[in-house]
Amino acid sequence: MYNNKIINVFNKENVSSPPIWFLRQAGRHIPEYFSIRSQSKNFIDFCLNTDLIVQSTKLPLKYYNIDAAIVFSDILMIPWAMKRNVQFVKGVGPVMDPMIPNETEILNDIDIKNLLRPLDKALKILRSSIPNHVSLIGFAGAPWTLACYMIEGQSTKDFLLTRKAVWSSNNWFNKLIDSLIDYVVDILEMQANAGADVLMIFDSWAHMIPSFFWKDFGISPTKKIINNLRKRNILIPIIGFPFKAGSSLINYSYESGVDCLALDWTVDLNWAIKNINPNIVIQGNLDPASLIDNNNNLDKSVKLILDTMNNKRHIFNVGHGLTPECKIENIKKVIEIVKNYNN
Ligand code: CP3
């Protein structure tokens with residue numbers, strides 16, 4: 001494992017200013033992204049092309065003085081490997097064959113590591129070619145969020161089919177979650193062994209979980225994933241991101257086993273300091289929408305985050321992915337403010 005600023009924070013070592021990186025930093029807000037993407041016939045092929053993964057992961061490092069590179073891939077590569085016919089449709093987003101209740105035979109016997117070998121190769125190349133002071137982050141979707149896409153077949157307003165499946169007494173939903181846990185463990189293990197310094201678990205639809213089932217589907221799958229990784233001797237830090245989970249963030253921070261909690265942009269950091277497990281690192285949580293237009297409050301809002309988290313273990317980030325409209329110059333300004341803090 002490399003010694004760098006993010007790892008220092010996890011190791012409780014002092015850092016002058018917090019490390020900084022951005023969710024979706026390798027995406028469409030950088031014009032060059034489109035020329036890399038145009039070299040493959042579709043988004044899935046892009047995510048299966050080692051050379052293009054390496055290029056796009058490194059792309060933000062050309063523009064920004066940041067402390068991490070997140071490997072270019074997508075959480076939906078697991079449903080793709082499970083033969084759900086995943087496609088990314090312009091203007092719609094991801095679509096796939098919706099799962100039919102009780103259709104669990106599709107879940108078995110998928111050699112996920114083999115199917116995602118280009119990702120494994122890319123991480124190995126990346127770790128030996130990016131600077132030592134930059135952390136390499138591997139990731140996966142949380143089982144709940146993957147199940148949401150697999151059951152609905154696309155993003156929907158309130159994920160009613162998935163919530164119906166949870167309340168029904170059939171056990172196929174549990175079987176689906178259990179299979180997803182296994183696949184997530186496999187690909188996180190693969191990424192750690194290929195050179196990732198940190199792992200992140202994205203639960204983008206955590207706010208759809210009925211509170212009655214929060215422990216079962218918001219906490220327990222992540223806890224099992226982390227326990228299994230530790231049993232396989234994967235000991236690197238793990239960041240959890242239960243998006244907009246509100247009051248449920250409290251027990252998630254104590255019970256899931258994550259080393260760091262990533263916060264969405266709605267969370268008041270003073271509330272977090274009072275309520276979140278003080279033994280874990282906090283990541284976040286600037287609103288990515290603040291990086292779109294000219295913003296007279298940018299300086300103030302970044303400094304407020306820095307002042308509030310001063311002397312706490314903190315990784316500066318946005319509270320959700322950068323959007324295509326985010327401006328490079330605004331992002332550069334944020335980095336400058338963060339890097340100059342306390343110096
Ligand atoms: O830079 C990075 O952060 C690394 C790469 C990354 C992507 N997706 C690339 C991508 C990561 C970490 C993800 C995670 C991901 N993918 C999540 C969790 C984070 C979140 O946003 O909540 C989710 C829910 C997905 C599923 C997904 N993939 C959606 C809903 C979309 C469509 C988004 C849109 O606005 O069109 C994608 C496509 C996708 N994944 C793009 C990128 C750069 C855009 C693809 C393109 O058109 O070029």
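First, a word on what this report is: a plain description of the structure on this page. Treat the numbers as computed from the prediction; the structure is a model and nothing was measured. Positions within a chain are numbered from 1, following the residues in the order the chain's sequence is written. Per-residue local features of the predicted model are confined to residues with pLDDT of at least 70, and side-chain atom pairs are confined, for both listing and counting, to 80 or more; whole-chain, interface and lining totals are unaffected and use all residues.

### Structural notes on the overall build of the protein chain
Strands here are runs of E lasting at least two residues and helices are runs of H or I lasting at least four, both read from the DSSP assignment and numbered beginning at the N terminus. Across its full length, the protein chain carries 15 helices and 9 strands. Rg of the C-alpha trace for the protein chain: 19 Å, near the compact-globule value of 20 Å for 343 residues, within the 12% margin. Its C-alpha atoms put the protein chain at 60 × 45 × 40 Å along the principal axes. For every residue, the other C-beta atoms within 10 Å of its own C-beta are counted; 20 or more classify it as buried, 12 or fewer as exposed, and values in between as partly exposed. C-beta atoms are placed from the backbone. Residues classed as buried in the protein chain amount to 43% of the 343 residues present. In the protein chain, the share of contacts with a sequence separation of at least 24, taken over all contacts with a separation of at least 6, comes to 75%. Taken over C-alpha atoms, the radius of gyration is set against a globule rule of 2.2 Å times the number of residues to the power 0.38. What counts as a contact is two residues whose backbone-derived C-beta atoms lie within 7 Å of each other.

### Some points on the site of the ligand
Around the ligand sit 21 residues in total, of which Arg 24, Ala 26, Gly 27, Phe 202 and Ser 204 are the nearest. Charged residues are taken to be Asp, Glu, Lys and Arg, nonpolar residues to be Ala, Val, Leu, Ile, Met, Phe, Trp, Tyr, Cys and Pro, and polar residues to be all remaining types, Gly included. Among the residues making up the shell around the ligand, the classes are represented as 12 nonpolar, 5 polar and 4 charged. Should the C-beta atom of a residue, placed from the backbone, lie within 6 Å of a molecule or strand, that residue is near it.

### Concerning the nonpolar core
Buried Ala, Val, Leu, Ile, Met, Phe, Trp, Tyr and Cys residues whose C-beta atoms connect them within 7 Å together make up a nonpolar core. Residues Val 71, Ile 78, Ile 137, Ala 147, Val 184 and Met 200 are the most contacted members of the largest nonpolar core, which totals 103 residues. Per-element tally for this core: the top contributor is helix H10 (residues 172–193), with 11 residues. Discounting residues that sit within four places of it in the chain, Met 200 has contacts with Ile 137, Phe 139, Ile 239 and Phe 241.

### Focus on helix H7 (residues 117–129)
The end-to-end C-alpha distance of H7, which contains 13 residues, comes to 18 Å, matching closely the 18 Å that a straight helix rising 1.5 Å per residue would cover. Leu 119, Ala 122, Leu 123 and Leu 126 are the residues of H7 that are buried. Down the axis of H7, the smallest arc covering the buried residues is 100°, so these residues share one side. Buried residues in H7 make contact with helix H4 (50–63), strand S1 (68–70), strand S4 (135–141) and H10. A helix's residues, less one, multiplied by 1.5 Å, set its expected span. Working definition: the arc comes from the directions between the helix axis and the C-beta atoms, pointing outward to the latter.

### Thoughts on the packing of helix H8 (residues 143–152) against H10
Axis definition: a line fitted to C-alpha atoms, over the contacting stretch in the case of helices. Angles run 0 to 180 degrees between N-to-C directions. The geometry of H8 relative to H10 is characterised by a closest axis approach of 9 Å and an angle of 120° between their N-to-C directions. Classified by the angle their axes make, H8 and H10 are oblique. In this structure, H8 crosses over H10, and the sense of that crossing is right-handed. For the pair H8 and H10, the contacting residues are Pro 143, Leu 146 and Ala 147 in the first and Leu 176, Ile 177, Leu 180, Ile 181 and Val 184 in the second. Within the contact of H8 with H10, the residues separate by chemical class into 8 nonpolar, no polar and no charged. Roughly parallel means an angle under 35 degrees; roughly antiparallel means over 145; roughly perpendicular covers 65 to 115; every other angle is labelled oblique. For any helix crossing, the convention is left-handed if the near helix is rotated counterclockwise from the far helix by under a right angle, and right-handed if that rotation is clockwise.

### A few points about the sheet that holds strand S8 (residues 281–286)
When DSSP finds at least two bridges between two strands, those strands are taken to pair. Read across the sheet, 7 strands follow the order S1-S4-S5-S6-S7-S8-S9 without closing on themselves; strand pairing throughout is parallel. Across the chains shown, the open sheet's two edge strands, defined by having one partner strand only, are S1 and strand S9 (314–318). For this sheet, the mean angle separating the axes of adjacent strands, direction not counted, is 25°. Where strand S6 (residues 238–242) and strand S7 (residues 260–262) come together, 2 bridges link them in parallel fashion. Each residue of the ladder has a partner; that of Gly 240, found in S7, is Leu 261.

### Observations regarding the pairing of S8
Across the 6 residues that make up S8, a large majority, 6, are buried. Strand direction decides the pairing type here: S7 and S8, joined by 3 bridges, are parallel. By the bridge assignment, Cys 260 is partnered in S8 with Val 281. When the strands point away from the viewer and the connection leading from the first strand across the helix to the second strand turns clockwise, the crossover is called right-handed. Each parallel crossover has a hand, and the one from S7 via helix H13 (residues 269–275) to S8 is right-handed. Judged from the 5 bridges that link them, S8 and S9 form a sheet pairing that is parallel. Its bridge partner being in S9, Leu 286 is matched across the sheet by Val 318. Crossover handedness for the path S8 to helix H14 (residues 298–309) to S9: right-handed.

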